[in-house]
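# A closer look at the structure
Take a look at the letters that make up each chain.
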Amino acid sequence: MKIGFAADHAGYELKTFLIAMVKNRGIEIVDFGTNSTASVDYPDYAHPLAIAVESGAVDCGIAICGTGNGISITLNKHQKIRSALCWNTEIAALARQHNDANICSLPARFISENEAAKIVETFISTAFEGGRHQRRVDKIKN
Ligand code: RB5
């Protein structure tokens with residue numbers, strides 16, 4: 001499995017923490033930045049991650065900004081992206097089981113590192129249930 005990461009300045013520190021965590025588990029990562037706490041614009045980091053997930057260059061993504069909303073809204077402009085804002089493990093599990101989410105967006109200013117780690121572990125280890133959920137996912141495209 002290869003995971004892409006993207007964050008703005010508000011998510012930079014959490015991104016650094018999570019990258020170390022997944023690397024420790026032997027998972028390959030691609031880091032799309034940002035690479036400091038200097039103020040940046042989240043779309044500049046969201047779009048490259050979205051393109052990588054859409055093309056299959058990475059299997060899924062973790063995206064982080066202050067609320068998780070700005071980066072998630074941007075990612076979801078891409079047709080093949082289903083980015084879910086995940087603030088606890090239950091939401092993360094359901095985002096995979098029911099929505100086949102391919103990017104987990106995190107609100108860095110509202111969750112702890114420990115909570116974020118559990119959310120990411122849940123997101124990457126939970127399978128899509130298919131069935132009636134596949135029919136609904138197929139209807140998302142406009
Ligand atoms: C940056 O201050 C903040 O606006 C951004 O990280 C994010 O929360 C936007 O949705």
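Everything that follows concerns the structure shown earlier in this document.
Residues numbered from 1 in each chain as written. Predicted model: local features only at pLDDT ≥ 70, side-chain atom pairs only at ≥ 80, totals over all residues. Heavy atoms only, no water.

Here the focus is the pairing of strand β2 (residues 28–31). Along any regular strand the residues' side chains alternate between the sheet's two faces. Sheet topology places strand β1 (residues 2–7) next to β2; 4 bridges connect them, and they run parallel. Looking at β2, one finds that I3 is bridged to I29. Crossover connection from β1 via helix α1 (residues 12–24) to parallel β2: handedness right-handed. (Pairing = 2+ DSSP bridges. Helix = DSSP H or I, 4+ residues; strand = E, 2+ residues; numbered from the N terminus. Right-handed = clockwise from strand over helix to strand, strands pointing away.)

The environment of the ligand is made up of D8, H9, A10, Y42, C65, G66, T67, G70 and R109. At 3.2 Å from an oxygen atom of the ligand is found a side-chain nitrogen or oxygen belonging to R109. Protein chains bury 71% of the 290 Å² of accessible surface belonging to the ligand in isolation. Looking at the shell around the ligand residue by residue, the classes come out as 3 nonpolar, 4 polar and 2 charged. (Near = heavy atom within 4 Å. Polar contact = N/O pair within 3.5 Å; in protein donor to acceptor, adjacent residues only side chain to side chain. Areas by Shrake-Rupley, 256 points an atom, 1.4 Å probe, with all protein chains shown as cover. Nonpolar A, V, L, I, M, F, W, Y, C, P; charged D, E, K, R; others polar.)

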